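These are the residues of each chain, in order.
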Amino acid sequence: MILTFPTFYRDFKCIANRCTDSCCIGWEIDIDSAAYDKYRLMPESFQKNIAVCDGVAHFVLTQDERCPFLQKDGLCKIILEHSENMLCDICREHPRFYEWYGNYKDAGVGLCCEEAVRLLLESDKPLEYETVETQEISDDDTPEDICKSVFELRKSLFSIINDRSLTLSDRIERCFLKIGAKDVIAPCSADEFFAECVEIAKEMSPFDELWEKYILRLEALDFQEVKERINKALSENQIRYEKSLSYFVFRHFVKACFDGDLLSHFKFAVIMTIFEMLIDCVNGDLLFNTRYLSKQIEYSEENIDALTDECYFNALISENNILAFLNELFNGG
């Protein structure tokens, strides 16, 4: 099997109680069957913290939405009293993710995690990926020729995204040219495109009340203010947007192996980057914004599906309109 991962993947390690945004708070944690078999042998005092719903076991969160085994000091009681071997799959692996495409596999760490975001952005060097061969055998039957062509194309997109001799908008345009596909065009102004992006975000299922507050703040801005704020953010954070785009391409573009729609999956990555820029307009904590956006969309199947549908079917979210919007922002038209 051919395994690809970002170079910082090897360096990731949970920072436990040093994390300011614990993944043991606010998330419903499902328990895999192997771990559940172990937990059923534990004393009643342990088992009372577990419930089964629709055949799936999960930890029963406390009233303040904390895992019942999360101590006040931020450490895990299961690890302290029993060892990491007693953790369920999600607790042991999160925020790592794995995706299989025929004989190809991706491994990464989700940007919902502040340590993952720190590792992504700690260096000013372009984001790079490693590819190695492993002995793992995949049971995914996606045709080999399709997977090979999509993964080779993604590698070309990485090279374009990393080309700092070009503006970010020019790199995105070259990526569109490399993909080669064309979509339905319903021309709109940059102002109208901005309004459409806000409307798409507004229709999403909110992770929490903060998402709705961000939308209200964006709706209160006129497009000239958006231009000024994004231009300021771009001048200070172009490398961040470059790396975010690369990572969104890494995580989402190769889903085209399953449906063949190269253009829509690339548009998904670009719109995610545009959403990051828009959130930066209304909140100054940029690293928080990156991981919050990931929580809001990448960790919600409902929102991934919704944004994917917009990239498939919404004629306003077209290659031409995206490029016109970016050129208006970065070049003044």
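Bear in mind the structure is a predicted one, so any value in this text is a computation, not a measurement.

*Asks:* Help me understand the pairing of strand 3 (residues 50-53) in this model?
*Replies:* Two faces, one strand: in a regular strand the side chains alternate between the faces of the sheet. Relative to strand 4 (residues 56-59), strand 3 runs antiparallel, the two being bridged by 4 bridges. Following the sheet pairing, C53 is matched in strand 4 by V56. In textbook terms, the turn of a hairpin is the stretch between consecutive antiparallel strands, and for strand 3 and strand 4 this stretch comprises 2 residues, one of which, D54, has a positive phi near 55°.

*Asks:* Please explain the sheet that holds strand 3 as it appears in this structure.
*Replies:* Working definition: the strands of a sheet are paired by backbone hydrogen bonds and lie parallel or antiparallel to each other. Here 3 strands make up an open sheet; going across it, the order is 2-4-3 and the pairing antiparallel. Every other strand in the sheet has two partners, leaving strand 2 (30-31) and strand 3 as the edge strands with one partner each. Here strand 2 runs beside strand 4; their pairing, made up of 2 bridges, is antiparallel. Bridge pairing links D30 to H58 in strand 4.

*Asks:* Looking at this structure, how should I read the pattern of salt bridges?
*Replies:* As a working rule, side chains carrying opposite charge can pair if their charged atoms are close by. What the rule picks out here adds up to 18 salt bridges. The partner of E130 in a salt bridge is R10, and the shortest N-O contact between them spans 3.2 Å. Here the residue E130 occupies a position in strand 7 (residues 129-133), and R10 occupies one in the loop between strand 1 (2-6) and strand 2, the gap between them amounting to 120 residues. Owing to a relative accessible area of 25%, E130 belongs among the partly exposed residues under this scheme. E136 is the partner of K105 in a salt bridge, and the nearest nitrogen-oxygen pair spans 2.9 Å. Of the two residues, K105 is situated in strand 6 (residues 104-109) and E136 in the loop between strand 7 and helix 6 (144-161); the sequence distance between them amounts to 31 residues. For E136, a relative accessible area of 30% translates into the label partly exposed. Here the salt bridges do not stand alone but share partners, grouping D21, E114, R291 and K295 into one network.

*Asks:* Before we go on, may I ask you to explain the nonpolar core in this structure?
*Replies:* Generally speaking, a soluble globular protein has its nonpolar side chains buried in company with each other. Counting 87 residues, the largest nonpolar core has Y247, F266, I274 and F275 as its most contacted members. Apart from the residues lying within four places of it in its own chain, the contact partners of I274 are F193, C197, I322, F325 and L326.

*Asks:* Explain the packing of helix 7 (residues 168-179) against helix 12 (residues 262-282) here, please?
*Replies:* Between two packed helices, the angle of one axis relative to the other and the distance separating the axes together describe the packing. Axis separation between helix 7 and helix 12 bottoms out at 10 Å; the angle between their running directions is 165°. Taken together, the axes of helix 7 and helix 12 are roughly antiparallel relative to one another. Between helix 7 and helix 12 the crossing geometry is left-handed. Contacts between helix 7 and helix 12 involve L168, I172, C175, F176 and I179 from the first element and L262, L263, F266, K267, V270 and M277 from the second. For the contact of helix 7 with helix 12, the per-class residue count stands at 10 nonpolar, no polar and 1 charged.

*Asks:* I tried to follow the sheet that holds strand 5 (residues 96-101) on my own but got confused; where do I start?
*Replies:* One open sheet holds the 4 strands; their spatial order is 5-6-1-7, and the pairing between them is mixed. Edge positions in the sheet fall to strand 5 and strand 7, since each of these pairs with one other strand and no more. Going across the sheet, the axis of each strand differs from the next one's by a mean of 20°, ignoring polarity. Sheet topology places strand 1 next to strand 6; 3 bridges connect them, and they run parallel. Bridge pairing links T4 to D106 in strand 6.

*Asks:* Sorry if this is basic, but what is going on with the environment of Q135 here?
*Replies:* Relative to the helices and strands, Q135 is located in the loop between strand 7 and helix 6. Remark: the alpha-carbon pair of Q135 and W211, spanning 76 residues in sequence, is separated by 43 Å.

*Asks:* Explanation requested: the state of the cysteines in the structure shown.
*Replies:* Here, the word disulfide means a covalent bond between the sulfur atoms of two cysteines. In total, this model carries 0 disulfides according to the counting rule given. Sulfur of C67: no disulfide; nearest cysteine sulfur belongs to C24 and is 5.8 Å away. Between C257, a free cysteine, and C147, which holds the nearest cysteine sulfur, the sulfur-to-sulfur gap is 4.1 Å.

*Asks:* So what exactly am I meant to see when it comes to the packing of aromatic side chains here?
*Replies:* Think of a pair of aromatic rings as described by two things: how far the centres are apart, and how the planes are tilted against each other in angle. Overall, the coordinates contain 25 aromatic pairs when judged by the stated rule. With centroids separated by 5.6 Å and ring planes inclined at 75°, the aromatic side chains of F59 and F69 adopt a geometry described as edge-to-face. Separated by 10 residues along the polypeptide, F59 in strand 4 and F69 in the loop between strand 4 and helix 3 (77-82) bring together distant segments of the chain. Per residue, the accessibility class of F59 equals that of F69, and both read buried. Ring centres of W211 and Y292 lie 6.3 Å apart, and the angle between their planes is 35°; on these two criteria the pair is classed as tilted. Of this pair, W211 sits in helix 9 (residues 209-219) while Y292 is found in helix 13 (residues 286-298), placing the two residues 81 residues apart along the sequence. Note on accessibility: W211 and Y292 belong to one class, buried. In this structure, R251 is placed above the aromatic ring of F97, and the distance from its NZ or CZ to the ring centre is 3.8 Å.

*Asks:* Would you mind going over helix 14 (residues 301-313) with me for this structure?
*Replies:* Three or four residues apart is the spacing at which side chains of an α-helix point the same way, because the helix has 3.6 residues per turn. Relative to the 18 Å expected for 13 residues at 1.5 Å per residue, helix 14 spans 18 Å between its end C-alpha atoms, a close match to the ideal helical length. Among the residues making up helix 14, those that are buried are N303, I304, L307, T308 and C311. Taken end-on, helix 14 shows its buried residues confined to a sector of 135°, consistent with a single buried face. Exposed residues pointing more than 90 degrees away from the buried face of helix 14 are listed as E301, E302 and F313.

So, how was this worked out
- Residues numbered from 1 in each chain as written.
- Predicted model: local features only at pLDDT ≥ 70, side-chain atom pairs only at ≥ 80, totals over all residues.
- Heavy atoms only, no water.
- Pairing = 2+ DSSP bridges.
- Helix = DSSP H or I, 4+ residues; strand = E, 2+ residues; numbered from the N terminus.
- Salt bridge = Lys/Arg side-chain N within 4 Å of Asp/Glu carboxyl O.
- Buried < 20%, exposed > 50% of the residue type's maximum accessible area, 1.4 Å probe, protein only.
- Core = buried A, V, L, I, M, F, W, Y, C linked by side-chain atoms within 4.5 Å.
- Contact = heavy atoms within 4.5 Å.
- Axes fitted to C-alpha atoms, helices over the stretch in contact; angles between N-to-C directions.
- Parallel < 35°, antiparallel > 145°, perpendicular 65-115°, else oblique.
- Left-handed = near helix turned anticlockwise from the far one by under 90°.
- Nonpolar A, V, L, I, M, F, W, Y, C, P; charged D, E, K, R; others polar.
- Disulfide = S-S within 2.5 Å.
- Phe/Tyr/Trp six-rings, centres within 6.5 Å; stacked < 30°, edge-to-face > 60°.
- Lys NZ or Arg CZ within 6 Å of the ring centre and 35° of its normal.
- Expected span 1.5 Å × (residues − 1).
- Arc of directions from axis to C-beta.

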